[in-house]
Amino acid sequence: MTRGRLFAVVLGIASVFLGSFSSAQDQSWKLQGGLNLMAGQYFYNHSAGSVDGYADGDLLLLRSLTTASGFYFDFHGSYTGFKQVNELAGGGTLFQQSADGSAEAKWVQRFSDGWSLKPRVEVEDQLFRETKDETWGKGLYDFWRYSTGAVWEHKTRLNMEIPWIWQLSYDLYYTHYPHFQTLTTQYGTEQNAPDPGARILDTVTNQFAYRSEFDLPGFVSLWGLYSVSFISFTDQKVVQAQGQFLGTNRSDAYQSLSFGASKRFNDWQVAGRIRPVAGFELTAADLLSNQNDFDADPSRLKYISAYYDYWETHATPSLTMTFLTPKADLTLAGDFGFRQYTGRLTQNADGSYNGDKLRQFSEEVSVSASYPVWKGLSLKARATWSNTSANTAYEQTYQYNYHDYNYFAGVGWQFY
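Residues numbered from 1 in each chain as written. Predicted model: local features only at pLDDT ≥ 70, side-chain atom pairs only at ≥ 80, totals over all residues. Heavy atoms only, no water.

Participant: I tried to follow the overall build of the chain on my own but got confused; where do I start?
Facilitator: When helices and strands are tallied, the chain shows 1 helix and 21 strands. Computed over the C-alpha atoms, the radius of gyration of the chain is 24 Å, within 12% of the 22 Å expected from 2.2 N^0.38 for a compact globule of 416 residues. Projected onto its principal axes, the C-alpha positions of the chain cover 70 × 50 × 45 Å. Residues counted as buried form 40% of the 416 residues belonging to the chain. Taking the intrachain contacts of the chain between residues at least 6 apart in sequence as the baseline, contacts between residues at least 24 apart amount to 60%. Per element, the accessible surface of the chain, about 21,900 Å² overall, is 59% carbon and sulfur. The averaged location of the 42 negative side-chain charges in the chain is 7 Å from the averaged location of its 33 positive side-chain charges. (Helix = DSSP H or I, 4+ residues; strand = E, 2+ residues; numbered from the N terminus. Rg over C-alpha atoms; globule rule 2.2 N^0.38 Å. Buried < 20%, exposed > 50% of the residue type's maximum accessible area, 1.4 Å probe, protein only. Contact = heavy atoms within 4.5 Å. Areas by Shrake-Rupley, 256 points an atom, 1.4 Å probe, with all protein chains shown as cover. Lys, Arg positive; Asp, Glu negative; His and termini not counted. Charge placed at Lys NZ, Arg CZ, Asp CG, Glu CD.)

Dropping the structure here:
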């Protein structure tokens, strides 16, 4: 099914449900959502960009069938009009603009003693423009993602005092890049091995996760999350030391462990009362892959094993201050990360190798504010500064060293 036809189907389904909602007398139907429209400017590596925009929106249609069961449909879309570096194929790639859309259906079935089951299905479309004259929908890294999964949840108490929610989940993803294909005619006979594959970015992922959350006295919340993903590349062959391709496909395993906490402090008796909430998250993750790399440049001819393997950590503090009289919010947040590749080597600007293992640092600081003006309508502003640096100078394949900052202002609308 083409992208246009699928979105026509999604919009058709949405219109049917919205029509049902507007005409039905059954009060168990509920519609809610939100829309943010913002304009601003970005600066990438000391280069100022033109004024552009950011937009995102959500539409949820919910229906309760009984006190123990119900379902909802979630439609989401967003547009980012400023330069950004996304990791889609093993490293950072610079894009001028991006957009995405998704449609999800979820069923909720509650049982006795706090148990519930939440199966879901979702389709997602991601669009990327590497240059501003590139046609939307024709990007090399555009992809579709189809997924299904389920969450098994239990709400209980620890020692009869502390509320405790834990979840077990499983998700299956298929990701397809319709425009990304290798030139397989360049391989085969001259390398005397199987070709590297054509759809080398297409993957099937099985993900398992466990999450646990506690609400402690004193307005303190604690949570932990562990997830592991087994990623099978459907058509990417493994490269060996001579630059030939084996008959086996690439497979990765990614795992992540996160812990977080938040604390609501006593109200500050200034500016009509301010309610502060502090948060902190710590994440450790690693990726293991059976894929290697062979640099076929005649001046180098370098084989690098475990090219995609890495481990990384992130620390993410935040502070949100709610001004209770106008119900305005001000949030300060940061993210500080470190990634160590265990096989990938650093390179000089001319591409020559210097023997060190590649490592990367990232820092981001943001401030955002929201001020209500009328019936779910708010004025919003956001500014972000970020910097990423690495001990390598060669960036013909991936972006490793860059910094940017941007500021945006606009309006947001929430309805229930």
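The discussion continues.
Participant: Teacher, can you tell me more about the pattern of salt bridges here?
Facilitator: Pairing of side chains with opposite charge becomes possible as their charged atoms draw close. What the rule picks out here adds up to 12 salt bridges. Taking the shortest distance from any N to any O, the salt bridge between Lys237 and Asp235 comes out at 3.5 Å. Note on Lys237: relative accessible area 15%, which makes it buried. The residue Asp295 makes a salt bridge to Arg300 at a minimum N-O spacing of 2.7 Å. On the accessibility criterion, Asp295 (12% relative accessible area) is buried. Overlapping salt bridges, with partners in common, bring together Glu104, Arg120, Glu122 and Asp171 in one network. (Salt bridge = Lys/Arg side-chain N within 4 Å of Asp/Glu carboxyl O.)

Participant: What am I meant to see in the environment of Thr388 here?
Facilitator: Position of Thr388 relative to the elements: it lies in strand E20 (residues 377–390). As a C-alpha pair, Thr388 and Asn406 span 18 residues in sequence and 15 Å in three-dimensional space.

Participant: Just to check I follow, could you spell out the packing of aromatic side chains for this structure?
Facilitator: To describe a pair of aromatic rings, one takes the distance between the centres and the angle between the planes. By the definition in use, this model includes 27 aromatic pairs. Ring centres of Tyr141 and Phe180 lie 5.5 Å apart, and the angle between their planes is 45°; this geometry places the pair in the tilted category. Linking Tyr141 in the loop between strand E8 (115–129) and strand E9 (143–158) with Phe180 in the loop between strand E10 (162–176) and strand E11 (203–216), this pair joins segments that are 39 residues apart in sequence. When its relative accessible area of 13% is taken as the criterion, Tyr141 is described as buried. Three or more aromatic residues joined by ring pairs make a cluster, and in this case those are Phe111, Trp115, Trp152, Trp166 and Tyr210. (Phe/Tyr/Trp six-rings, centres within 6.5 Å; stacked < 30°, edge-to-face > 60°.)

Participant: What should I look at first to understand the pairing of E11 in this one?
Facilitator: The side chains of a regular strand alternate, first on one face of the sheet and then on the other. Sheet analysis places E10 next to E11, joined by 12 bridges and oriented antiparallel. Within E11, the position partnered with Leu172 by the bridge is Asn206. As defined by bridge partners, E11 adjoins strand E12 (residues 220–239) across 14 bridges and the pair is classed as antiparallel. Within the sheet, the bridge partner assigned to Val204 lies in E12 and is Ser232. (Pairing = 2+ DSSP bridges.)

Participant: I'm lost on the nonpolar core in this one. Help?
Facilitator: Generally speaking, a soluble globular protein has its nonpolar side chains buried in company with each other. Within the largest apolar cluster, 11 residues are counted, these being Leu287, Ile304, Tyr307, Tyr308, Tyr310, Tyr341, Leu345, Leu358, Ala390, Tyr398 and Tyr400. What Tyr341 contacts, discounting residues up to four positions off in sequence, is Gly90, Tyr307, Tyr308, Asp309, Tyr310, Lys357 and Leu358. (Core = buried A, V, L, I, M, F, W, Y, C linked by side-chain atoms within 4.5 Å.)

Participant: Help me out: how do you make sense of the environment of Trp268 in this one?
Facilitator: Within the fold, Trp268 resides in the loop between strand E13 (245–264) and strand E14 (274–289). Its relative accessible area of 39% is what places Trp268 among the partly exposed residues. Residues Trp268 and Gly81, 187 residues apart in the sequence, show an inter-C-alpha distance of 38 Å. With sequence-adjacent residues up to four places away left out, Trp268 is seen in contact with Arg273, Ile274, Pro276 and Met321.

Keep in mind that these numbers describe shape and distance, not what the molecule does.
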